[in-house]
Amino acid sequence: MNDRAAAGSTADAPADYRVLVVDDDLDMVAFLARLLRDEGLKVETAGDGASALMQVMTSPPDLILLDVMMPGVSGFDVCRQLKGDESTALIPIVLVTALDDSESRVRGIEAGADDFLSKPVKREELIARVKTLRRLHDTRKELESRRLAAEVQRKEAIRQAFSRYISPRLADRIAEAAGEYGDPFQGRAQRTSVVALFADLRGFTRLTERNDVGTVVAMLNEYFAVLTEAAYQHDGTIFNMAGDSLLVGFNVPFPQPDAAERAWRTALEMVARFEPVAASWRERHGLEVGVGIGMCAGDAIIGNVGSTHYASYTIIGNPVNTAARLMQMAAAGEVLVCGPLFERIRHLVPAGRVAIRGDVTLRGKSESIPVFAVRAEARENA
Amino acid sequence: MTKNIHTVIIAKDLADLIPVFIRNRQKEIETLRTALAAGDFEQLRQLGHRMRGVGNSYGFAMISEVGKQLEDGVKGGDKAAIAACIGEYADFLDKMQIVYE
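Attention in this report is confined to the structure presented alongside it. (Residues numbered from 1 in each chain as written. Chains lettered and ligands numbered in written order. Predicted model: local features only at pLDDT ≥ 70, side-chain atom pairs only at ≥ 80, totals over all residues.)

### Section: the overall build of chain A
Counting its regular elements, chain A contains 11 helices and 13 strands. Counting only contacts in chain A whose residues sit at least 6 apart along the sequence, the fraction spanning at least 24 positions is 66%. (Helix = DSSP H or I, 4+ residues; strand = E, 2+ residues; numbered from the N terminus. Contact = placed C-beta atoms within 7 Å.)

Printed below as a string of structure tokens:
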């Protein structure tokens, strides 16, 4: 029995660089540990290959000095296993061995060893190799921290870019999922099922005629702020804001199985949120205004459209055109819904509020479609 | 590092490790003799290999040299040469003087 058998795994140097020394010769372990601790490194030890593997799995060190000729699991085996495991493959391994023939070095290289140290160990050589590997370790850590910082920066850039279209909450989700799904606003255009919601202001023309530019802009800002908040509340994506109209899409850029319900709740929210604004305008400006909304579901093309100088995330297709026509037909406080979409939200709509408009032929359309009109003056319990 | 066979110069910072190191070498002599008596050449080879690695790491060049001779002796299957090596090793351990610098 070796008199150093009682010398277990210890760590007495306050350092964050940890070296695991593995050797079945405990005098060699004590010698290597002493030299390394004298350099201010934290040292842990293992007396055989199996213990070394266990220690690395439970607490991965920054460097391993590994003897080759050990009973049981050899140093080559330990090296091969650690280098074959993704979670430990990057830990540098120095094979420390009295084997000085080239065949053994080749075996070590094949097992994935990063460096070699010959026994008898020369103090200067050991320190020089460890210092070199520590520098590489520090550089790798620095690069990793830079990579993480760049990743955070990239996600923030994505979040800021997306926040033009979507709620901060959805932007955060997209930024978080960016690595997983890629950038949904940079991908190729695609055809997908959507729910389109168009809203605009009834009485807008009178508003512009009766007020100066500054007042009109301030009022529009107030109006759009209310509608945008309603859209964001239900994770809608804002595609377009022009004049007094707003186009919101659902089920894009990520799937929303409850897209129809979200659109319906958004419509109610828009009308309800705008009510106090309308009351204020009525009082201050003597204006009768309200929000008219058109909604339709169907397949549309989604993607970035434009030139190299200007492009925007766009939604194109029948449901958008139909929602726009329905919006034009909607009275203040009214939501016009195309037939298929209405079937998806029928359970949310109080029967007394619904009027069947029948089959309506929309301007520019050859075929008529069923349309339902819902009064949405009051906030629903949806 | 040895000025002669009996005087060995060892780095001062290893001084506290040396008593245990020497005790382990003395046990090693017994193990070598037992292995030789049993004709256990594999164990002799392993012990020689270990001596070669650890000896001069601490500064005991002689131990590494004897370890190498043991490995060579095992290769040649020369029991008499191995016995001579072990004798030389035991003599060295008995008569050496350590100087810490």
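### So, the overall build of chain B
Looking only at helices and strands, one finds 4 helices and 3 strands in chain B. Helices (α) and strands (β) of chain B occur, in sequence order from the N terminus, as β-β-α-α-α-α-β. The buried share of chain B, taken over its 101 residues, is 35%. Restricting to contacts in chain B with at least 6 residues of sequence separation, those with at least 24 account for 55%. (Buried ≥ 20, exposed ≤ 12 C-beta atoms within 10 Å, placed from the backbone.)

### A closer look at unusual backbone geometry
Residues and elements named next belong to chain A. Here the amide bond leading from lysine 119 into proline 120 is cis, since omega sits at -5°, within 30 degrees of zero. Within the element layout of this structure, proline 120 appears in the loop between β5 (115–118) and α5 (123–162). For the bond running from valine 252 to proline 253, omega is -5°, close enough to zero to count as cis. Following the sequence through the fold, proline 253 ends up in the loop between β8 (245–250) and α9 (259–285). Backbone geometry places aspartate 235, a non-glycine residue, at a positive phi of 60°. Within the element layout of this structure, aspartate 235 appears in the loop between α8 (213–233) and β7 (237–242).

### Focus: the environment of Ala171(A)
Residue and element names in this part refer to chain A. Turning to its location among the elements, alanine 171 is positioned in helix α6 (residues 168–181). Assessed through the 21 C-beta atoms surrounding it within 10 Å, alanine 171 is described here as buried. Taking the C-alpha atoms as reference, alanine 171 lies 9.5 Å from lysine 155; in sequence the two are 16 residues apart. Contact partners of alanine 171, with chain neighbours within four places excluded, come to Arg159, Phe162, Ser163 and Ile166.

### Thoughts on the interface of chain A and chain B
When the parts of a complex come together, some accessible area is lost, and that lost area is often used as the size of the interface. Every contact between the two is made by 15 residues of chain A and, on the other side, 17 residues of chain B. Split by residue class, the side of chain A that touches chain B holds 7 nonpolar, 1 polar and 7 charged. (Nonpolar A, V, L, I, M, F, W, Y, C, P; charged D, E, K, R; others polar.)

### With respect to the environment of Glu28(B)
One can find Glu28(B) in helix α1 (residues 18–38). Each C-alpha atom, one on Glu28(B) and one on Met51(B), is 9.2 Å from the other, the two residues being 23 residues apart in sequence.

### Quick look at the nonpolar core
Grouped together as the largest cluster of nonpolar side chains are 60 residues, with contacts concentrated most on Val195(A), Ala196(A), Leu197(A), Ala267(A), Ile293(A) and Met295(A). Among the elements that take part in this core, α9(A) stands out by supplying 11 residues, more than any other. Those residues in contact with Leu197(A) that sit more than four places away from it in its chain are Gly236(A), Val248(A), Ala263(A), Thr266(A), Ala267(A), Ile293(A), Met295(A) and Ala323(A). One finds Val54(B), Met62(B), Val66(B) and Ile86(B) within the second-largest nonpolar core, a separate group that totals 56 residues. (Core = buried A, V, L, I, M, F, W, Y, C linked by C-beta atoms within 7 Å.)

### What about the packing of helix α1 (residues 26–38) of chain A against helix α2 (residues 41–58) of chain B?
For the pair α1(A) and α2(B), interaxial distance at closest approach is 10 Å and the crossing angle is 35°. Like other packed secondary-structure pairs, α1(A) and α2(B) cross with a definite hand, here left-handed. The residues of α2(B) that touch α1(A), namely those facing Asp27(A), Met28(A) and Phe31(A), are Gly53(B), Val54(B), Ser57(B) and Tyr58(B). Across the contact of α1(A) with α2(B), the residue classes tally to 4 nonpolar, 2 polar and 1 charged. (Axes fitted to C-alpha atoms, helices over the stretch in contact; angles between N-to-C directions. Left-handed = near helix turned anticlockwise from the far one by under 90°.)

### Remarks on α9(A)
Residues and elements named next belong to chain A. The end-to-end C-alpha distance of α9 is 37 Å, a good match for the 39 Å that 27 residues give at a rise of 1.5 Å each. Glutamate 275 marks where α9 bends most, by close to 35°; the proline proline 276 follows one to four residues later. Immediately beyond the C-terminal end of α9, within one or two residues, lies glycine 286, with a positive phi of roughly 65°. (Expected span 1.5 Å × (residues − 1). Bend = angle between axes of the 7 residues up to and from the residue.)

### Quick word on the sheet that holds β5(A)
Residue and element names in this part refer to chain A. Sheet architecture is open: 5 strands sit in the order β2-β1-β3-β4-β5, paired in parallel fashion. Only two strands of the sheet have a single partner each, and these edge strands are β2 (42–46) and β5. Taken pair by pair, the neighbouring strands of this sheet meet at an average axis angle of 20°, ignoring direction. Note: strand β1 (residues 18–22) against β2, 5 bridges, orientation parallel. Paired with valine 19 across the bridge in β2 is valine 43. (Pairing = 2+ DSSP bridges.)

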